[in-house]
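Coordinate inspection notes
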Amino acid sequence: MSAWLKGPVEHRHDWFDGLSTFRLPAGPRHFEPGQFVNLALQVGQQRVRRAYSLASAPGEAPEFFISRVDGGMFTQELFSLPEGAEVEVETSPSGFFTLRWLPDFAKDLWLVSSGTGLGPFISMLRTPGALQRFEHVVVVNCVRQRAQLAYRAELEAFARGDSRVRYVPVVTREAGFGDESGRLLFGRLPSQVSSGRLEDQAGLPLSLERGHIMLCGNPEMIRDTSAALTDRGLRRHLKRAPGHITTEKYW
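Residues numbered from 1 in each chain as written. Predicted model: local features only at pLDDT ≥ 70, side-chain atom pairs only at ≥ 80, totals over all residues. Heavy atoms only, no water.

The next point concerns the pairing of strand β3 (residues 19-23). Extensive coverage of β3 is indicated by the burial of 4 of its 5 residues. Pairing of strand β2 (residues 11-16) with β3, which is carried by 5 bridges, proceeds in the antiparallel orientation. Each residue of the ladder has a partner; that of Asp 14, found in β3, is Ser 20. Once β2 ends, the chain turns through 2 residues before running back antiparallel as β3, passing Gly 18 with a positive phi of about 80°. Pairing analysis gives 5 bridges linking β3 to strand β6 (residues 63-67), with the strands arranged antiparallel. Pairing of Ser 20 across the sheet is with Ile 66, part of β6. (Buried < 20%, exposed > 50% of the residue type's maximum accessible area, 1.4 Å probe, protein only. Helix = DSSP H or I, 4+ residues; strand = E, 2+ residues; numbered from the N terminus. Pairing = 2+ DSSP bridges.)

This is the structure in structure tokens:
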């Protein structure tokens, strides 16, 4: 049975209305990037818990990248808390959405997310040596509005500091204009895959021989993007049948 710790919200960074990173001093320090733990709050007479991926590196204070869900009992309460309010954190991490399970042939790693699905990829990037075996790493984050591109400065810094890393932000509900038009892709991820625009922006082909795509985010994005990738000849990764696509659905 998992143990729990209780600790204050040490810091909260608001990226956009209803989109925040919460840092807690309590919680697991030993985990694999890509794993998750449960958080819990007392909401009225009910103890409510939800699972969230860690965005921090192992050994650092746990961070969680969370969006407020309209009508969601847990997130409505969490976003109403001031810094210093206490949250319960599970100490035993879980999950298999980690780099350990990727096939040996993978040399080009695509970390493709929608919204807060970016969280586990931030953990992977922040963990020294975690991505060492890959020759190219493409980080793709798809959001509705460019103001929702959380961690953008950090991701751009990763790309500047490591020639293997490329960052491709994607916006679905705004048209391109001005200086941003060449730095962002506009439109849904499946169409970016089908048209080849994603590869063009990244400067890297989706290779059957070398490529692996980790998809994390809302189920609709994962379903439709997986279908577009399958149309390109890529297949789901299974332990008994190594492939190109690994997924983690949020909500």
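From this point, things continue past the structure.
Within a sheet, neighbouring strands are paired by backbone hydrogen bonds and run either parallel or antiparallel to one another. Pairing within the open sheet is parallel, and its 6 strands lie in the order β11-β10-β9-β8-β12-β13. The open sheet terminates on both sides in strands that have one partner only, identified here as β11 (185-186) and β13 (245-249). Inspection of the sheet shows strand β8 (residues 108-114) paired to strand β12 (residues 211-217) by 6 bridges, in the parallel sense. Residue Asp 108 lies in a different strand from β12, and its bridge partner there is Gly 211. Contacts between helix α3 (residues 152-161) and the sheet are confined to β9 (136-143) and β10 (165-171), with β10 contributing the most and set at about 145° to the helix. (Contact = heavy atoms within 4.5 Å. Axes fitted to C-alpha atoms, helices over the stretch in contact; angles between N-to-C directions.)

All right, on to the packing of helix α2 (residues 119-126) against α3 then. Packed helices, taken two at a time, are described by their axes: the angle between them and the distance between them. At a minimum axis separation of 12 Å, α2 and α3 run at an interaxial angle of 40°. Relative to α3, the element α2 lies oblique. α3 is crossed by α2, and the crossing has left-handed handedness. Only Glu 154, Leu 155 and Phe 158 of α3 make contact with α2, whose side of the interface consists of Ile 122, Leu 125 and Arg 126. Residues that form the contact of α2 with α3 fall into these classes: 4 nonpolar, no polar and 2 charged. (Parallel < 35°, antiparallel > 145°, perpendicular 65-115°, else oblique. Left-handed = near helix turned anticlockwise from the far one by under 90°. Nonpolar A, V, L, I, M, F, W, Y, C, P; charged D, E, K, R; others polar.)

One open sheet holds the 4 strands; their spatial order is β1-β7-β4-β5, and the pairing between them is antiparallel. One side of each edge strand has no neighbouring strand; the edge strands of this open sheet are β1 (4-8) and β5 (46-53). Averaged over all adjacent pairs, the angle separating strand axes in this sheet is 30°, with direction ignored. In the sheet, strand β4 (residues 36-43) pairs with strand β7 (residues 86-90) via 2 bridges, with the strands oriented antiparallel. Looking at the pairing, Ala 40 lines up with Glu 88 of β7. Strands β4, β5 and β7 of the sheet are contacted by helix α1 (residues 73-80), whose axis makes an angle of about 75° with β4.

Most of β10 is tucked away: 6 of the 7 residues are buried. Of the pairings in the sheet, the one linking β9 to β10 comprises 7 bridges and is parallel in character. Residue pairing for β10: Val 140 is matched across the bridge by Val 168. Handedness of the crossover is the feature at issue here: the chain leaves β9, passes through α3, returns alongside β10, and the resulting connection is right-handed. Relative to β11, β10 runs parallel, the two being bridged by 2 bridges. Residue pairing across strands places Val 170 opposite Leu 185, the latter belonging to β11. (Right-handed = clockwise from strand over helix to strand, strands pointing away.)

All quantities given are derived from atomic positions and should not be read as evidence of function.
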